[in-house]
Amino acid sequence: MTEDTETSGRFPPGLLREVRGTVTVVVTDSAGTVTLWSRGAEALWGWSSQEALGTGLADLFTSDWAVRHRDGRVLDIGVDVCPLLVGERNTGFLLVADRRVEAQGARDEELMAWVFDQFPAPLAINDPEGRVLRHNRVMTRLTGREEDEMRGHSLTESVAEATTAEDERRVTRVAATGELETTERFVKVPGEAKAHAWVSDFFPLKDSTGRVRAVGVTSYDYSQQYGARERLALLSEARTRIGMSLDLAGTAREVAEVAVPRFADTVSVHLLDEVFRGELPPPGPLRRSVVLRRVVPLADGEEAVPGQPIHPSSSAVARCLLGNGARLIEGGASEVEGWFGGEVGQGVCSTIAVPIRARGTTLGLALFLRNAAKREPYGPDDLAVTEDLIARAAICVDNARRFTREHGIAVALQSALLPHGSPSHAAVETAARYLPAGGGAQVGGDWFDVIALPGSRVGLVVGDVVGHGVTASAIMGQLRTAVRTLADIELPPEELLTHLDDVVTHAADGESAYRDPCALGATCLYVVYDPIAGVCSLAAAGHPPPVLVRPDGTSAVVDMPVGPPLGLGSLPFEATDLAVPEGSLLALFTDGLIETREHDVDARLEELRAAIARPSPSLDALCDTVLGALHSGPAADDVALLIARTRGLAKDQVAEWELHSDPAVVSDARRLVDDRLAAWGLEDLMFTTELVVSELVTNAIRYGVGPVHLRLIKDRSLTCEVSDGSASAPHLRRARLSDEGGRGLFLIAELTQRWGTRYTMTGKTIWAEQALDVARSLEF
């Protein structure tokens, strides 16, 4: 403090000498007003000498005599107050900081140094620019560099192995924002083979004004917590990623993708050979020789190759098939090399073998391998993780096995129900394609058919049952059979769809064995082509209309009314007659060919129309062209495509006569028929044809309404048709001995291949067919 003559005279002798080394000295008068303010007092209270002189004790202390700093803080420092006596008169007070408090402050500072150096976690202080100021001993061990070596250098220069440039930027951000930041990273401690997981906090160090003076960094080794968290994350990811596909190889590959590299270096999945066939192995642990197929890892498109038969007790790996839990297998690569196809590599391996079991049945084996020289070997906690992981995967594998079996049944069922090859018919040349949804994974209910009808006509049909699998295929088969049955009785298209609608409605009401809501989602398009008249008659039930390409190359979507889908019941259908020149192309298809989520239906119809109109060497090639243009990848829905090129019959293949309703014309009819058969070189069929013509014309004259129309058609068979204006039809019955008549139709049925009745807008037509390549004879 400053000592002058006036002040010296006020204090007892030797007092100033005693307090020269004192940190804090304040002198007041008897009223408590400051008259002397030392430099130590400036440091303690924060007041300058000019500011402090003249102030009172009330400004320096609180009401309970604690030291009050200028900024309002209360300091935990003791101060001795001594009266200044001159004789018996009190001239003022002397305030002296207790030297014991000074010593305590020194001890506190030493204690804080101990805390910093001996803090059990790495601790560092950096300036706002990212330069190192202080490091404790743990941080030194972590980085492998002494504090003096690092001080003044940037983070990336001083601890490059333990930090990154992002950490330096993080320090500057914290210094600028004053906000805490946390990060995670792996750091390899010098002298240790494996890196540890660390979480680091970057926090601001502020002065009393709130200004960031430095940034502290502390890190914590949370390798154990990290491992537990990663195991939980692995199981969580497995729940969302495994089982996305109902494919055995795909499910096994999903297991590998989840586990590598987070949990394992390599994963190998082996399934029993029965599983690949969709069969269920015997329940319980395996105790017999089995064949395991290695599924993962496989390259794209590579198929699992059957392995050699093994017995569950043949090796340490195989023995896990005898139990229910995971087994830890430690040792060299030779122990597991055969199970990984020689892809293990060199070094010590840590392997976990887990049986794949679902619903009490062993389906296969999964192996998880780590190279123990590069990462932490498996431990007991990892066994539980693999068991939980494979428990989830096993259910998905079994679901894929069930789907494989059901898919195989559906494929076999649909293959048996759909036409094989391109049906041959004189009226049309046809080619067809069926494309299952999902690139073949989901067989559905789309179908097509080509039905030969009497009079050289042909029926073309395409239908769609909503849904996939065995049920859809079964309903498809039921509807296809119903269409063939209804077509065989020669119903016109609109009436056929009406009866088919009744079939679907009854199926939905439970009168069918296939009680399924998808029965209400059936659609159908039925087309009858008459090559003699060159006319198509079409009717649709909720189905897209066909595309017609005429011989001159013009193409268009057929404009026709489309009725409601099948199954709604009691709603009418309407047919459209369309003139189709010989050589035209008629394309029937299901909605899966044109409907996608990404494209407009009208635009897709234009693409289809353009694709069908392209020149092509054959109808099969044209089918491939259309599918390639509209479905280059897996289809979202089933696709059925039927393309028919129309043909006509030559004029000399058809003979027609108009007959009067007079019994006398029957003999004329026989003569006309004999002449035509002779011209065609079919003399062997004259006798049978005369009997057929005589019976049919006589019945038309006797029971029908004139005029009577007789027509012969020479195609792949000989068809005799007799038409009249009556809607009443004869019925085949076996005549009794006493009956006068009733034997005519019985003779026709015996002498011909088949016969039937077709109703028209003006009456009916009774027809009978004879084979041209078989000479028919009668034995009496």
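For the structure given in this document, a descriptive report is provided here. (Residues numbered from 1 in each chain as written. Predicted model: local features only at pLDDT ≥ 70, side-chain atom pairs only at ≥ 80, totals over all residues. Heavy atoms only, no water.)

### Notes on helix H10 (residues 165–177)
Along an α-helix, a turn takes 3.6 residues, which lines up residues three or four apart on a common side.
Here comes step 1: For H10, built from 13 residues, the straight-helix expectation of 18 Å at 1.5 Å per residue is met to within 8% by its first-to-last C-alpha distance of 18 Å.
Here comes step 2: Where H10 terminates, the next one or two residues include Gly178, which has phi positive at roughly 75°. (Helix = DSSP H or I, 4+ residues; strand = E, 2+ residues; numbered from the N terminus. Expected span 1.5 Å × (residues − 1).)

### Comments concerning the packing of aromatic side chains
Here comes step 1: Within this structure, the stated rule accounts for four aromatic pairs.
Here comes step 2: Ring centres of Trp37 and Trp45 lie 5.6 Å apart, and the angle between their planes is 50°; this geometry places the pair in the tilted category. Comparing Trp37 with Trp45, the two get one shared label, buried.
Here comes step 3: Seen from their ring centres, Trp45 and Phe61 are 5.9 Å apart, and the 80° between their planes marks the pair as edge-to-face. Residue Trp45 is found in helix H3 (residues 39–45), and its partner Phe61 is found in the loop between helix H5 (57–60) and strand E3 (67–68); the two are separated by 16 residues along the sequence.
Here comes step 4: Of the residues examined, Trp45 reaches a relative accessible area of 0% and is grouped as buried.
Here comes step 5: With a relative accessible area of 6%, Phe61 lands in the buried category.
Here comes step 6: If you follow Arg293 out to its NZ or CZ, it ends over the ring of Phe276, 4.7 Å from the centre. (Phe/Tyr/Trp six-rings, centres within 6.5 Å; stacked < 30°, edge-to-face > 60°. Buried < 20%, exposed > 50% of the residue type's maximum accessible area, 1.4 Å probe, protein only. Lys NZ or Arg CZ within 6 Å of the ring centre and 35° of its normal.)

### Here we look at empty space enclosed by the protein
Here comes step 1: Counted under the stated rule, the structure contains three cavities of 30 Å³ or more.
Here comes step 2: Considering only enclosed or pocket space, the second largest cavity measures out at about 50 Å³ in volume.
Here comes step 3: Considering the residues around the second largest cavity, the lining is formed by Thr251, Ala252, Val255, Val269, Ile356, Ala366, Ile390, Ala393 and Val397.
Here comes step 4: Mapped by element, the contributors of at least two residues to the lining of the second largest cavity are helix H12 (248–259) and helix H14 (380–417). (1 Å grid on protein atoms, 1.4 Å probe; cavity = no way out; pocket = protein on both sides within 12 Å on 5 of 7 lines; lining within 4 Å. Points joined across faces, edges and corners; volume = space filled by probe spheres on them.)

### Brief notes about a nonpolar patch on the surface
Here comes step 1: On the surface, Leu111, Met112, Trp114 and Val115 cluster together into a nonpolar patch covering about 410 Å² of accessible area.
Here comes step 2: Mapped onto the secondary structure, Leu111 falls in helix H6 (residues 99–118).
Here comes step 3: For Leu111, a relative accessible area of 42% translates into the label partly exposed. (Patch = residues over 30% accessible without salt bridge, like charges linked within 9 Å, V, L, I, M, F, W, Y side chains within 5 Å. Areas by Shrake-Rupley, 256 points an atom, 1.4 Å probe, with all protein chains shown as cover. Salt bridge = Lys/Arg side-chain N within 4 Å of Asp/Glu carboxyl O.)

### Quick look at the sheet that holds strand E32 (residues 754–759)
Backbone-to-backbone hydrogen bonds join strands into a sheet, with any given pair of strands oriented parallel or antiparallel.
Here comes step 1: With antiparallel pairing, the five strands of this open sheet are ordered in space as E29-E30-E31-E33-E32. Edge strands, defined here as strands with exactly one partner in the open sheet, are strand E29 (654–659) and E32. Here the strands of the sheet are splayed against their neighbours by 15° on average, with no regard to which way each runs.
Here comes step 2: Pairing analysis gives six bridges linking E32 to strand E33 (residues 764–771), with the strands arranged antiparallel. Residue Arg754 lies in a different strand from E33, and its bridge partner there is Glu769.
Here comes step 3: Running over the sheet, helix H19 (residues 665–680) touches E29, strand E30 (708–714) and strand E31 (717–724) and is turned about 170° from E29. (Pairing = 2+ DSSP bridges. Axes fitted to C-alpha atoms, helices over the stretch in contact; angles between N-to-C directions. Contact = heavy atoms within 4.5 Å.)

### Some words on the pairing of strand E13 (residues 290–296)
Here comes step 1: Among the seven residues that make up E13, five are buried, leaving the element largely enclosed by the rest of the structure.
Here comes step 2: Relative to E13, strand E12 (residues 266–272) runs antiparallel, the two sharing four bridges. The residue bridging His270 from the neighbouring strand is Arg294, located in E13.

### Regarding the pattern of salt bridges
Here comes step 1: One pass over the structure, following the stated rule, counts 29 salt bridges.
Here comes step 2: The salt bridge partner of Asp273 is Arg293, with a shortest N-O separation of 2.9 Å. Taken together, the residues Asp273 in helix H13 (residues 273–276) and Arg293 in strand E13 connect sequence positions 20 residues apart.
Here comes step 3: Shared partners join several salt bridges into a network, and the residues in it are Arg457, Glu490, Arg711, Glu721 and Arg758.

### What about the sheet that holds strand E28 (residues 639–646)?
Here comes step 1: Here we have five strands laid out as an open sheet, ordered E18-E28-E27-E23-E24, and antiparallel in their pairing. The open sheet terminates on both sides in strands that have one partner only, identified here as strand E18 (428–435) and strand E24 (555–557). Adjacent strand axes in the sheet meet at a mean angle of 15° when their direction is disregarded.
Here comes step 2: Direction of pairing for E18 relative to E28: antiparallel, over a ladder of eight bridges. Bridge pairing links Leu435 to Val639 in E28.
Here comes step 3: Sheet strands touched by helix H18 (residues 619–630): E18, strand E27 (585–589) and E28. Its angle to E18, the strand with the most contacts, is close to 35°.

### As for the side chain of Glu274
Here comes step 1: Its location among the elements puts Glu274 in helix H13.
Here comes step 2: Exposure remark for Glu274: the relative accessible area of 15% places this residue in the buried category.

### As for the packing of H19 against helix H20 (residues 686–703)
Here comes step 1: In the contact formed by H19 and H20, the axes pass within 9 Å of each other and the chain directions differ by 145°. Like other packed secondary-structure pairs, H19 and H20 cross with a definite hand, here right-handed. Contacts between H19 and H20 involve Val665, Val666, Ala669, Arg670, Val673, Asp674, Leu677 and Ala678 from the first element and Met686, Thr689, Glu690, Val693, Ser694, Val697, Thr698 and Ile701 from the second.
Here comes step 2: Among the residues making up the contact of H19 with H20, the classes are represented as ten nonpolar, three polar and three charged. (Left-handed = near helix turned anticlockwise from the far one by under 90°. Nonpolar A, V, L, I, M, F, W, Y, C, P; charged D, E, K, R; others polar.)

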